[in-house]
Amino acid sequence: MNKISKFVLLLSTITLLFSCSSQHMNSKQSAEKTAKDIIGNPNYQAICYGGFREKTRDIEPTIAQLKEDLQLLSAMNIKVLRTYNVHNKEVSNLLIAIRELKKENANFEMYLMLGAWIDCKNSWTALQPIHNIESDRNAIEIAEAVRLSNEYPDIIKIIAVGNEAMVKWAASYYVEPAIILKWVNYLQNLKKDQKLPATLWVTSSDNFASWGGGDNEYKVEDLNQLIIAVDYISIHTYPMHDTHYNPKFWGVLESEKQLSEKQKIDAAMLRSRDYAMNQYKGVYNYMKSLGVDKPIAIGETGWSSLSSELYGDPGSKATDEYKSAVFYKLMREWTDKEKISLFYFEAFDEHWKDSGNPKGSENHFGLINLQGQAKYALWEMVDKGVFKNLTRDGKPITKTYNGNEKALWLDVKTPSLLKNN
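Okay, so let's go over this structure. If you're wondering where the values come from, they're calculated on a predicted model, not measured in any experiment.

**A short note on helix H4 (residues 90-104)**
Every α-helix winds through 3.6 residues per turn, so residues three or four apart in the chain are directed the same way. Helix length check: H4 (15 residues) gives 21 Å between terminal C-alpha atoms against 21 Å at 1.5 Å per residue, within 8%. By the burial criterion, the buried members of H4 are Glu90, Val91, Asn93, Leu94, Leu95, Ala97, Ile98 and Leu101. Buried-residue contacts for H4 involve helix H3 (63-75), strand S2 (78-82), strand S3 (111-116), helix H5 (137-151) and strand S6 (156-163).

Below is the structure:
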């Protein structure tokens, strides 16, 4: 072999090695997603998740059941889950299930916004809640969240300190913002001390009003410091609840009386979407007034498909599968366009939430019910074969109402005429 041939061979070998190394690095980099890569990225669709099937959380989903759920959500292009606490084995088993699926399939991708539950002294007891003193349980929640985040840094990308823990209508357990701020700062300091992954993001997930988007009573200095301390803001917005509590947007306008029933409902749902947008803008404007500029995500919003009380036929006539599907679509379209992360509530129905009232609205926020039926929001996915060969509790995913849209519409009620419009 002459010198030129040897040089060409050496150059080819170096090029090949560099190419392989570069491909490996690219593969590794793509696998090492951080919260910064995920939050605000419409390619990383998010959802709130609880896998409980029974009327009590004492009966936990098995790892096999969790893996079924994860595969269904992955088929829906969901890549980020939000959980709420570490009280039960569900979350630790969920992490095991994700890791197992990743080993079985190198392309499987799922991340967690891990919730640590926070409440006040005497919460959930017969004693008077003390809102400026915290429960002893909080330290246990945070410690477990830290442990899991260090054990699963490839999966847990965010810790959320508290769930609706500052909003004052959570009268049985809310805490003052100083307590949330204390734990957020604690976690941020652990990051600085290299006792948590540096890329882990820390937030709190709470009602829009708690983040300064509503009444002035929330706009206190501890909240201002919290907005500075978190890596991003996670807000909740629930137009469905305000079809009863603050129905200024809900109903049929005088100018809409001649429309078809479907058109009347669609118009009301657009106003519901706009109502959520305005709450988001309220938080954004308050954040900017403080000279802060960081991402704001919707940590929770949803629309129940059934209610026997305030939001159902006897009340605001807000809950059915058609309206919940329209809200889901409108919210996804808006947030994807604006690159706002949306943790939609929720993936599956859970009946432990209002176990004594089977038709209670809290039991029916899921996109898939406990019979393994996709609600109207997902019918198109069923038609496209998204869930082909996948099951929940061994049952294939079918459509509610046996896919009969006329039957579905028998349960759809038009809201009443909007007063003072």
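Moving on, there is more to tell.
**Brief notes about the sheet that holds strand S7 (residues 201-207)**
Pairing in this closed barrel of eight strands is parallel, and the strands run S1-S2-S3-S6-S7-S8-S9-S10 around the ring. Averaged over all pairs of adjacent strands, the angle between their axes in this sheet comes to 25°, without regard to strand direction. Sheet contacts for H4: S2, S3 and S6; angle to S3, the most-contacted strand, approximately 170°. Where helix H10 (residues 321-338) meets the sheet, it contacts strand S1 (45-48), S2, strand S9 (296-301) and strand S10 (342-344), and its direction lies at approximately 165° from that of S10.

**As for the pairing of S6**
Most of S6 is tucked away, with eight of its eight residues classed as buried. Note: S3 against S6, five bridges, orientation parallel. Paired with Ala116 across the two strands is Val161, which belongs to S6. Bridge count between S6 and S7: four bridges; the pairing is parallel. Among the inter-strand pairings, Ile159 is bridged to a residue of S7, identified as Val202. Since S6 and S7 lie parallel, the crossover through helix H6 (residues 177-192) that links them has a hand, and here it is right-handed.

**Regarding the pattern of salt bridges**
By the definition in use, this model includes 25 salt bridges. Two residues, Glu100 and Lys67, come together in a salt bridge whose shortest N-O distance is 3.0 Å. Highlighted residues: Glu100 in helix H4 and Lys67 in helix H3, separated in sequence by 33 residues. The exposure class of Lys67 is buried, given its relative accessible area of 15%. Residues joined in a network through salt bridges with shared partners are Arg53, Asp69, Arg392 and Asp393.

**What to know about the nonpolar core**
One broad rule of soluble globular proteins: the nonpolar side chains tend to lie buried together. Ranked by internal contacts, the top residues of the largest apolar core, which has 123 residues, are Leu73, Leu81 and Val161. Broken down by element, this core gets its largest block of residues, ten residues, from helix H9 (residues 261-289). Beyond its immediate sequence surroundings of up to four residues, Val161 is in contact with Ala116, Ile118, Ile142, Ile180, Trp183, Val184, Leu187, Val202, Thr203, Ser204 and Ser205.

**Section: the environment of Pro247**
By secondary structure assignment, the location of Pro247 is in the loop between helix H8 (239-245) and H9. Overall, the relative accessible area of 34% leaves Pro247 in the partly exposed class. Separated by 69 residues in the primary sequence, Pro247 and Ser316 have C-alpha atoms spaced 8.5 Å apart. Here Pro247 is in contact with Asp242 and Leu418, once residues within four sequence places are set aside.

**Side note on the side chain of Lys399**
Mapped onto the fold, Lys399 is located in strand S14 (residues 398-399). A polar contact is formed between the side chain of Lys399 and the side chain of Asp383, at a distance of 2.6 Å. Excluding residues that lie within four positions of it along the chain, Lys399 makes contacts with Gln373, Ala374, Trp379, Val382 and Asp383.

**What about unusual backbone geometry?**
Residue Glu346 is bonded to the preceding Phe345 through a cis peptide linkage, with omega at -5°. Relative to the helices and strands, Glu346 resides in the loop between S10 and strand S11 (373-374). Its identity as a non-glycine residue notwithstanding, Asn389 has a phi of 70°, on the positive side. For Asn389, the location among the structural elements is in the loop between helix H11 (379-383) and strand S12 (391-392). Asn389 gets classed as exposed once you look at its relative accessible area, which sits at 74%. Positive phi values are uncommon outside glycine, yet Asp393 reaches one of about 55°. Secondary-structure assignment places Asp393 in the loop between S12 and strand S13 (395-396).

**A look at H9**
Here H9 is 29 residues long and its end C-alpha atoms lie 42 Å apart, about the 42 Å a rise of 1.5 Å per residue gives. Of the residues flanking the end of H9, it is Gly291, one or two places downstream, whose phi is positive at about 80°.

**Digging into the packing of aromatic side chains**
Scanning the entire structure with this criterion turns up 20 aromatic pairs. Aromatic pair Trp117 and Tyr173: ring centres 5.3 Å apart, planes at 35°, arrangement tilted. Of this pair, Trp117 sits in the loop between S3 and strand S4 (120-121) while Tyr173 sits in the loop between S6 and H6, and the two are 56 residues apart along the sequence. Trp117 sits in the buried class, given a relative accessible area of 14%. The buried category is assigned to Tyr173, whose relative accessible area is 7%. For the pair Trp303 and Phe327, a centre-to-centre distance of 5.0 Å together with 45° between the ring planes defines the contact as tilted. Of this pair, Trp303 sits in the loop between S9 and H10 while Phe327 sits in helix H10, placing them 24 residues apart in sequence. According to the relative accessible area criterion, Trp303 is buried, its value standing at 1%. According to the relative accessible area criterion, Phe327 is buried, its value standing at 0%. Feature note: the residues Phe249, Trp250, Tyr275, Trp303, Phe327, Tyr328 and Tyr344 constitute an aromatic cluster, connected by ring pairs. Above the ring of Trp352, the side-chain terminus of Arg57 is found at 4.1 Å from the ring centroid. One cation-aromatic arrangement involves Arg392 over Phe348; the distance from NZ or CZ to the ring centre is 3.9 Å.

The rules behind the values
- Residues numbered from 1 in each chain as written.
- Predicted model: local features only at pLDDT ≥ 70, side-chain atom pairs only at ≥ 80, totals over all residues.
- Heavy atoms only, no water.
- Helix = DSSP H or I, 4+ residues; strand = E, 2+ residues; numbered from the N terminus.
- Expected span 1.5 Å × (residues − 1).
- Buried < 20%, exposed > 50% of the residue type's maximum accessible area, 1.4 Å probe, protein only.
- Contact = heavy atoms within 4.5 Å.
- Pairing = 2+ DSSP bridges.
- Axes fitted to C-alpha atoms, helices over the stretch in contact; angles between N-to-C directions.
- Right-handed = clockwise from strand over helix to strand, strands pointing away.
- Salt bridge = Lys/Arg side-chain N within 4 Å of Asp/Glu carboxyl O.
- Core = buried A, V, L, I, M, F, W, Y, C linked by side-chain atoms within 4.5 Å.
- Polar contact = N/O pair within 3.5 Å; in protein donor to acceptor, adjacent residues only side chain to side chain.
- Phe/Tyr/Trp six-rings, centres within 6.5 Å; stacked < 30°, edge-to-face > 60°.
- Lys NZ or Arg CZ within 6 Å of the ring centre and 35° of its normal.

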